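What follows is the residue order along each chain.
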Amino acid sequence: MTAPVYNFAYLDEQTKRMIRRAILKAIAIPGYQVPFASREMPMPYGWGTGGVQVTAAILGPTDTLKVIDQGSDDTTNAISIRKFFAKTAGVSTTTSTADATVIQTRHRIPEAALSEGQVLVYQVPIPEPLRFLEPRETETRRMHALSEYGLMHVKLYEDIARFGHIATSYAYPVKVNGRYVMDPSPTPKFDNPKMDNCAALQLFGAGREKRIYAIPPYTTVVSLDFEDHPFARYRHEAPCALCGADDSYLDEIVTDDRGGRMFVCSDTDYCETRQASGHRGSERAAPHKKDHAHG
Amino acid sequence: MFAEHLSSQFDDKVLSAQSSFRAIMDATARPGRIHRIAPTAEAPAPMMRATAALAQALFDHDTPIWLDATMRGNGDAGRWLRFHTGAPLTSDAGQAEFALIGDVAALPALETFALGSSEYPDRSTALVVQIRSFNDGPAFELKGPGIDGSIVAQADAGLSDLFEQLAANARTFPRGIDVVLVADDAILAIPRSTRLRAMEG
């Protein structure tokens, strides 16, 4: 038996060239969804095949990769993808946001500000922000061509008419560089302001829907809103129970069957870094271990 | 004669293509900044080293290539491209995925290249334009996505109206062409989203 041999970072070179050309077009036209010939990956659709293909196309041997799933470095999805690239590309991996050169993410943007040397790769399930309003691809494409985004404002207005406020809490639509309305992937709207004027390059890959799009560094990203109902971030009104942070996005954790619950940072690296530097919340935190969660 | 074309390619195709691509990606994401492509491949004149590396990183049988008269030259560059990348050469600039420009003074009007449509602005030609250097020549200011405020760059493109044409190109956004300027092993990208202004003096 011969052990299977993979090309560097799994994908074959012709596929990488095709994805690389799509990435360059995506950067040149911020927010526009570039079609690409998405490949079958050794994981199911919905597990981040789009993000994995983008990461495979850009990754080099000197990169340091971080993978997060809902802010966490130690969920099955994040560990599997980290191990996948450690095995097929031999890259070093990290859980530290500051140490990473490439960060693949599912549904969160790290709390720590990103820097110029970093690339953030998003896993995207449904790239078309207008898809639930207009199912026909021919029509949504025409709407993007004409910058005809009134329908999206009607959708947000219907939120206000029904709930009294814009109830859209994730995948909150943004306008990129004053031109294309874009789906930021199902990140909480808490993260939307981090996309604006970000120092890092942001790339988005949708495997099943076969689209790649991008936000170059230092690009204007505006969350859609109304003058009398301005965009507002949302976060649970509590400090993190482990590190006491009052500025991070929180997960709610049910602790018993009598209504007990606690709130902790969704970004595990942010929380652990704060705990390591002495910050404490109301609950006793597990002792911080240095190589915790390395995959 | 053909054997000399065989030898001049990347030492390690996979990793060199990756590092070349990352330089091109970083350049496109940060217009106006000079990036170097290394390790560089040797290429037949008049192709510069960065042009050859870009070709090996991005060209294949899916990408029709258009060469200007200088690049066509005695046919060496075309033969090298066909052998090392498998890319077909086209005489129709409007069908080209990439166009290699050896003599910027003889640059055709940008409308002769594919500008994409309003529905598919990505179906456009990317121009690889060889210039003399980034150290002298007229200065111009760039603004737009990828640039923190503004940045000033210099490019000696000889006697050409390249920058006037590129300023007009930005106004057709999202349609338009994307440009990578090349001088030896250095590259500087001007994607269609970048707004250009000539500096005084």
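Located above this text is the structure these notes cover.
Residues numbered from 1 in each chain as written. Chains lettered and ligands numbered in written order. Predicted model: local features only at pLDDT ≥ 70, side-chain atom pairs only at ≥ 80, totals over all residues. Heavy atoms only, no water.

Engineer: Kindly report on the overall build of chain A, identifying the contributing residues and their values.
Structural biologist: The helix and strand tally for chain A stands at 7 helices and 12 strands. Counting only C-alpha atoms and orienting by the principal axes, one finds that chain A spans roughly 60 × 55 × 35 Å. Accessible surface for chain A amounts to roughly 13000 Å². Of this, 52% is attributable to carbon and sulfur atoms. Once the 34 positive and 36 negative side-chain charges of chain A are each reduced to a mean point, those two points are 6 Å apart. (Helix = DSSP H or I, 4+ residues; strand = E, 2+ residues; numbered from the N terminus. Areas by Shrake-Rupley, 256 points an atom, 1.4 Å probe, with all protein chains shown as cover. Lys, Arg positive; Asp, Glu negative; His and termini not counted. Charge placed at Lys NZ, Arg CZ, Asp CG, Glu CD.)

Engineer: Tell me what's going on with helix α2 (residues 13-29) of chain B, and back it up with residues and numbers.
Structural biologist: All names here are of chain B. Given a rise of 1.5 Å per residue, 17 residues ought to cover 24 Å, and the 24 Å separating the end C-alpha atoms of α2 matches this to within 8%. Buried residues dominate α2, accounting for 13 of its 17 residues. In this structure Asp12 caps α2, since a side-chain oxygen of it lies 3.2 Å from the backbone nitrogen of Val14. (Expected span 1.5 Å × (residues − 1). Buried < 20%, exposed > 50% of the residue type's maximum accessible area, 1.4 Å probe, protein only. Polar contact = N/O pair within 3.5 Å; in protein donor to acceptor, adjacent residues only side chain to side chain.)

Engineer: A description of the interface of chain B and chain A should follow, citing residues and the corresponding values.
Structural biologist: Contacts between the two partners involve 39 residues from chain B, matched on the other side by 41 residues from chain A. Note on chain B versus chain A: buried area summed over both sides is about 3300 Å², and carbon and sulfur give 60% of it. Where chain B meets chain A, there are 5 salt bridges. A salt bridge links Arg17 of chain A to Asp60 of chain B; the shortest N-O distance between them is 3.0 Å. (Contact = heavy atoms within 4.5 Å. Buried area = accessible area lost by both parts, 1.4 Å probe. Salt bridge = Lys/Arg side-chain N within 4 Å of Asp/Glu carboxyl O.)

Engineer: So what about the environment of Thr112 of chain B? Which residues, and what values?
Structural biologist: Residue and element names in this part refer to chain B. Relative to the helices and strands, Thr112 is located in the loop between β3 (98-101) and β4 (126-130). Along the sequence, Thr112 and Thr125 sit 13 residues apart, while their C-alpha atoms lie 9.8 Å from each other. Discounting chain neighbours no more than four positions away, the residues touching Thr112 are Ala93 and Gly94. Engagement of the side chain of Thr112 in a polar contact is seen with the backbone oxygen of Ala109, the distance being 2.7 Å.

Engineer: Describe in detail the packing of aromatic side chains, supporting the description with residues and values.
Structural biologist: What the rule picks out here adds up to 11 aromatic pairs over all chains. When the ring of Tyr6 of chain A is compared with that of Tyr10 of chain A, the centres are 5.4 Å apart and the planes differ by 45 degrees; the resulting orientation is tilted. Within the aromatic cluster, the residues linked to one another by ring pairs are Tyr6, Tyr10, Phe84 and Phe85 of chain A. For the cation-ring pair, Arg123 of chain B lies above Tyr120 of chain B, with the distance from its terminal atom to the ring centre recorded as 3.7 Å. (Phe/Tyr/Trp six-rings, centres within 6.5 Å; stacked < 30°, edge-to-face > 60°. Lys NZ or Arg CZ within 6 Å of the ring centre and 35° of its normal.)

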